Amino acid sequence: MKKFTLLAALMVLFCGANLSAKSFDWSKCWCNYGADIKEGDFIVNVDGGLWYSDFGYSVHDGFWFIPPVMAEVQYAMKIWELPFTFGGYAGMRGYGYSYKNAENEDVSAKYFGVFFGGEASYHIQLPPEGLDLYATTRIGANIPFVKPGKHWTPDYFQFGQSFGANWFFNDTVGINLEFGFPFSKFGVALKF
């Protein structure tokens with residue numbers, strides 16, 4: 001029954017997007033924000049997610065992690081005709097592991113820290129009406145509060161890129177989904 005409900009929901013979404021695409025002005029999609037975002041708007045995302053290194057350490061016994069929890073604020077500002085947002089992000093995360101290596105030595109590490117940085121996103125308008133697609137470039141830093149042992153290499157500096165989408169249900173509230181490096185995230189999007 002769940003598969004049928006999911007299939008029906010996807011078909012309704014596809015048909016709705018197809019109907020709205022017929023009246024959509026495709027010639028200006030590259031120079032407009034989606035989801036009725038306007039120049040001068042603020043977009044605030046509050047998200048949780050996964051850090052790229054969480055996948056690599058998870059093969060070890062005794063691995064644990066605190067998923068990254070973050071907030072970002074972006075300001076919509078066009079450059080020439082191109083729809084950009086500029087802003088920053090900040091969050092925290094943690095992880096640890098403990099296992100015996102091939103030489104039967106104990107290997108363990110713990111990390112807890114904050115991350116922050118600046119970002120720029122290019123937006124594109126596509127149907128349906130509440131959808132905002134974007135590509136982001138980030139540059140930032142990590143500051144550890146709990147430093148792990150000798151088996152850890154710090155990544156104080158970070159550079160990343162991602163693709164994402166905001167889906168706004170009304171003029172103010174929506175959801176955010178993003179995949180990329182150094183993290184992928186999902187959460188609430190607010191527009192002011």
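Just above, that's the structure.
Residues numbered from 1 in each chain as written. Predicted model: local features only at pLDDT ≥ 70, side-chain atom pairs only at ≥ 80, totals over all residues. Heavy atoms only, no water.

(A) How the structure looks around the side chain of Gln74. Looking at the element boundaries, Gln74 is found in strand E2 (residues 64-79). Only 3.0 Å separates the side chain of Gln74 from the side chain of Glu119, close enough to count as a polar contact. Ignoring sequence-local partners within four residues, the contact set of Gln74 consists of Asp41, Phe42, Ile43, Thr85, Phe86, Gly87, Glu119, Ser121 and His123. (Helix = DSSP H or I, 4+ residues; strand = E, 2+ residues; numbered from the N terminus. Polar contact = N/O pair within 3.5 Å; in protein donor to acceptor, adjacent residues only side chain to side chain. Contact = heavy atoms within 4.5 Å.)

(B) Region of interest: the packing of aromatic side chains. Taken as a whole and judged by the stated rule, the model has nine aromatic pairs. Arranged with centres 5.8 Å apart and planes meeting at 20 degrees, the rings of Phe84 and Phe86 form a pair that is stacked. Stacked on the ring of Trp51, the Lys or Arg Arg93 has its end atom at 4.1 Å from the ring centre. Geometry around Phe168 places Lys191 over its ring, the cationic atom sitting 4.8 Å from the centre. (Phe/Tyr/Trp six-rings, centres within 6.5 Å; stacked < 30°, edge-to-face > 60°. Lys NZ or Arg CZ within 6 Å of the ring centre and 35° of its normal.)

(C) Structural detail: the pairing of E2. Relative to E2, strand E1 (residues 42-51) runs antiparallel, the two sharing seven bridges. By the bridge assignment for E2, Asn45 is matched with Glu72. For E2 and strand E3 (residues 82-100), the ladder comprises 14 bridges, and the chain directions are antiparallel. Following the sheet pairing, Val69 is matched in E3 by Met92. Between E2 and E3, which pair antiparallel and follow one another directly, the connecting turn spans two residues, one of which, Trp80, has a positive phi of 55 degrees. (Pairing = 2+ DSSP bridges.)

(D) Representation of unusual backbone geometry within the structure. In this chain, Pro127 is followed by Pro128 through a cis amide linkage whose omega measures 0 degrees. Looking along the chain, the bond that leaves Phe181 and enters Pro182 is cis, with omega of 10 degrees. Checked against the element boundaries, Pro182 lands in the loop between strand E7 (173-181) and strand E8 (183-191). For Ala35, which is not a glycine, the phi torsion comes out positive at approximately 55 degrees.

(E) Geometry of a nonpolar patch on the surface. Taken together, the side chains of Val46, Phe169, Val173, Ile175, Leu177, Phe179, Phe186 and Val188 make up a nonpolar region of the molecular surface, amounting to roughly 730 Å² of accessible area. Among the secondary structure elements, those contributing two or more residues to the nonpolar patch are E7 and E8. In terms of residue count, E7 provides more of the nonpolar patch than any other element does, four residues in total. The residue Phe186 is located in strand E8 in this model. Judged by its relative accessible area of 49%, Phe186 is partly exposed. (Patch = residues over 30% accessible without salt bridge, like charges linked within 9 Å, V, L, I, M, F, W, Y side chains within 5 Å. Areas by Shrake-Rupley, 256 points an atom, 1.4 Å probe, with all protein chains shown as cover. Salt bridge = Lys/Arg side-chain N within 4 Å of Asp/Glu carboxyl O. Buried < 20%, exposed > 50% of the residue type's maximum accessible area, 1.4 Å probe, protein only.)

(F) The nonpolar core, seen in detail. Tyr33, Ala35, Ile37, Ile43, Ala76, Phe168 and Ala189 form the largest nonpolar core, which has seven residues in total. Excluding its chain neighbours within four sequence positions, the residues that come into contact with Ile37 are Ile43, Ala76, Asp132, Phe168 and Lys191. Among the nonpolar cores identified, the runner-up in size contains six residues, and Tyr95, Tyr97, Val107 and Ala109 belong to it. (Core = buried A, V, L, I, M, F, W, Y, C linked by side-chain atoms within 4.5 Å.)

(G) Broad picture of the sheet that holds E8. In space, the eight strands of this closed barrel follow the order E1-E2-E3-E4-E5-E6-E7-E8, with antiparallel pairing throughout. Shown here is a sheet whose adjacent strand axes are inclined to one another by a mean of 25 degrees, direction ignored. In the sheet, strand E6 (residues 157-168) pairs with E7 via eight bridges, with the strands oriented antiparallel. Bridge pairing in E7 links Phe163 to Phe179. (Axes fitted to C-alpha atoms, helices over the stretch in contact; angles between N-to-C directions.)

(H) Quick look at the pairing of strand E5 (residues 131-146). Direction of pairing for strand E4 (residues 106-124) relative to E5: antiparallel, over a ladder of 13 bridges. If you follow Gly117 over to E5, its bridge partner there is Gly140. Bridge count between E5 and E6: eleven bridges; the pairing is antiparallel. Within E6, the residue paired with Ala141 across the bridge is Phe157.

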